[in-house]
Amino acid sequence: MSHLSDLLRERPLVQAPMAGGTSTPELVEAVVRAGGTGFLAAGYLAPERVEEQVAQVRGRGVSAFGVNVFVPGPAADPAVVEGYRGELHAEAERYGVEPGAPAHDDDAWDAKIDLLERLGVPVVSFTFGCPDGNVLRRLQEAGSAVVVSVTSVDEALLAVARGADGVCAQGAEAGGHRAAFDPARDGNLPAVELVAAVAGAVEAPVIGAGGVMTGGDAAALLDAGAAAVQAGTAFLRCPESGARPAHKRALADPALTGTALTRAFTGRPARGLVNRFVTEHPEAPDAYPELHHMTRPLRAAAARAGDAGGMALWAGTGFRRATDDPAAEVVGRMRREAALAGARL
Ligand SMILES: Cc1cc2nc3c(=O)[nH]c(=O)nc-3n(C[C@H](O)[C@H](O)[C@H](O)COP(=O)(O)O)c2cc1C
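Keep in mind it's a predicted model, so treat the numbers as computed, not measured.

Trainee: Just give me the short version of the overall build of the protein chain, but keep the residues and values in it.
Mentor: When helices and strands are counted, the protein chain shows 15 helices and 11 strands. For the protein chain, the C-alpha radius of gyration of 19 Å lies close to 20 Å, the compact-globule estimate for 345 residues. Along the first, second and third principal axes, the C-alpha atoms of the protein chain reach 55 × 45 × 40 Å. When contacts within the protein chain are restricted to residue pairs at least 6 apart in sequence, long-range pairs at least 24 apart make up 68% of them. Only carbon and sulfur atoms are counted for the fraction: they give 50% of the accessible area of the protein chain, which is about 13,400 Å². Treating the 32 positive side-chain charges of the protein chain as one cloud and the 42 negative ones as another, the clouds have centres 5 Å apart.

Okay, structure coming up:
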């Protein structure tokens with residue numbers, strides 16, 4: 001029997017794992033001390049860095065946290081990837097760098113699963129797919145509850161059939177990458193609808209995600225049947241967030257008015273602010289992580305130049321409500337608002 005239900009009952013506001021440096025140990029600690037559940041993001045990080053971050057969080061006496069891992073997928077067609085390299089030529093010239101090699105890798109999958117089995121962290125969550133049942137069991141035997149992110153009822157049913165202790169239902173509003181096992185079969189439903197459908201279909205606890213910017217948003221997902229809610233964009237501008245300064249500024253920039261799903265940066269659909277790069281590369285192919293590796297030097301150069309037009313500015317549809325308050329204040333505010341809406345966060 002997993003401890004997931006107890007954790008989520010006690011701490012139903014979950015800070016989303018945010019890869020790329022945003023989910024710092026400091027952010028996790030601040031959220032957990034304020035009464036929420038925190039998440040480190042293992043995606044893109046070397047296993048040694050993940051181990052360091054877990055040690056840092058544990059060293060501060062924080063225990064209500066999880067670690068999120070990217071599930072690897074199939075390699076893309078090299079011809080399609082080469083085509084996009086041509087399209088990136090002008091971008092590379094603009095920033096005076098070369099595109100990266102379009103490598104296909106599994107983000108050190110085996111090493112990360114071995115590490116997490118050794119560490120036995122309270123929760124391990126997955127995105128981009130559902131691991132085999134034996135991977136889930138290894139982690140559960142090591143003491144972890146396992147959560148799989150889903151975008152449809154079918155994905156939720158598969159995850160629970162394989163033994164997941166819970167699912168994170170990611171609505172269409174969500175910032176960052178879509179969790180879909182197969183991007184072509186993304187449910188893309190508004191969070192309230194998805195949560196209601198998934199909670200009606202599986203016995204396991206459902207964490208609702210997508211567009212949770214206020215306690216009222218959280219209350220709506222809890223009303224729809226979620227056991228807890230997961231918020232990412234609401235924490236992006238916090239001082240404890242490791243998002244780049246230009247990303248934080250862009251979230252409050254009146255010139256950037258909306259979000260869209262784009263494959264332009266990584267080859268996998270992700271929601272971010274509509275900037276120059278998104279607008280100029282509307283037809284990027286389905287090729288993750290090849291495109292991620294190809295655009296990385298461009299994104300890094302744009303960030304060094306403080307040019308938000310060339311950066312991946314992940315953001316959910318509710319981004320305008322993100323504040324630069326400390327994470328503890330964001331948690332406290334959401335809880336007060338939820339109480340006004342009759343919910344406990
Ligand atoms: C900057 C950023 C990075 C993200 N990285 C991850 C990640 O590494 N793993 C993951 O499962 N979800 C990731 N997500 C998605 C979140 O888990 C969650 O679905 C989303 O933030 C919820 O929607 P919201 O942003 O509207 O709160 C990320 C989201 C953002 C905004």
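Trainee: So what about the site of the ligand? Which residues, and what values?
Mentor: For the ligand, the set of nearby residues contains 21 residues, the closest of which are Pro-17, Asn-68, Gly-211, Gly-232 and Thr-233. Here Gly-211 contributes a backbone N or O atom positioned 2.8 Å from an oxygen atom of the ligand. About the coverage of the ligand: the protein hides 96% of its 590 Å² of free accessible area. Put simply, the parts of the chain that give the shell around the ligand at least two residues each are strand E3 (65–70), strand E9 (228–231) and helix H11 (233–236). Broken down by class, the residue content of the shell around the ligand amounts to nine nonpolar, 11 polar and one charged.

Trainee: Can you tell me about the sheet that holds strand E1 (residues 13–15), naming the residues and giving the values?
Mentor: Spatially, E1-E9-E8-E6-E5-E4-E3-E2 is the arrangement adopted by the eight strands of the open sheet, whose pairing is parallel. Of all strands in the sheet, those bounded by a partner on one side alone are E1 and strand E2 (38–41). On average, adjacent strands in this sheet sit at an angle of 25 degrees to one another, irrespective of strand direction. Bridge analysis of strand E8 (residues 206–209) against E9 gives three bridges, and the strand direction is parallel. Following the sheet pairing, Gly-208 is matched in E9 by Val-229. The sheet strands contacting helix H6 (residues 109–119) are E3 and strand E4 (123–127), and the helix crosses E3 at an angle near 160 degrees. With respect to the sheet, helix H10 (residues 215–223) is in contact with E8 and E9, its orientation differing from that of E9 by roughly 140 degrees.

Trainee: Give a detailed account of the domain arrangement of the protein chain, specifying residues and quantitative values.
Mentor: According to the domain assignment, the protein chain consists of domain 1 (4–72 + 107–241 + 322–340) and domain 2 (76–104 + 257–312). On the side of domain 2, nine residues touch domain 1, which itself brings 15 residues to the contact. Both faces combined, the contact of domain 1 with domain 2 buries some 970 Å², and carbon together with sulfur accounts for 54% of it. A per-residue breakdown of the area domain 1 buries against domain 2 is headed by Tyr-44, His-177 and Pro-183, which together make up 45% of the total.

Trainee: If you had to explain the layout of surface pockets to someone new, which residues and values would you point to?
Mentor: In this structure, the second largest pocket encloses a volume near 420 Å³. Forming the walls of the second largest pocket are 24 residues, and the residues nearest its centre are Gly-73, Pro-74, Arg-268, Tyr-288 and Pro-289. Among the residues forming the lining of the second largest pocket, the class breakdown is 13 nonpolar, four polar and seven charged. Both of domain 1 (4–72 + 107–241 + 322–340) and domain 2 (76–104 + 257–312) provide at least three residues apiece to the lining of the second largest pocket.

Cut-off values and rules
Residues numbered from 1 in each chain as written. Predicted model: local features only at pLDDT ≥ 70, side-chain atom pairs only at ≥ 80, totals over all residues. Heavy atoms only, no water. Helix = DSSP H or I, 4+ residues; strand = E, 2+ residues; numbered from the N terminus. Rg over C-alpha atoms; globule rule 2.2 N^0.38 Å. Contact = heavy atoms within 4.5 Å. Areas by Shrake-Rupley, 256 points an atom, 1.4 Å probe, with all protein chains shown as cover. Lys, Arg positive; Asp, Glu negative; His and termini not counted. Charge placed at Lys NZ, Arg CZ, Asp CG, Glu CD. Near = heavy atom within 4 Å. Polar contact = N/O pair within 3.5 Å; in protein donor to acceptor, adjacent residues only side chain to side chain. Nonpolar A, V, L, I, M, F, W, Y, C, P; charged D, E, K, R; others polar. Pairing = 2+ DSSP bridges. Axes fitted to C-alpha atoms, helices over the stretch in contact; angles between N-to-C directions. Domains from an automatic or database assignment. Buried area = accessible area lost by both parts, 1.4 Å probe. 1 Å grid on protein atoms, 1.4 Å probe; cavity = no way out; pocket = protein on both sides within 12 Å on 5 of 7 lines; lining within 4 Å. Points joined across faces, edges and corners; volume = space filled by probe spheres on them.

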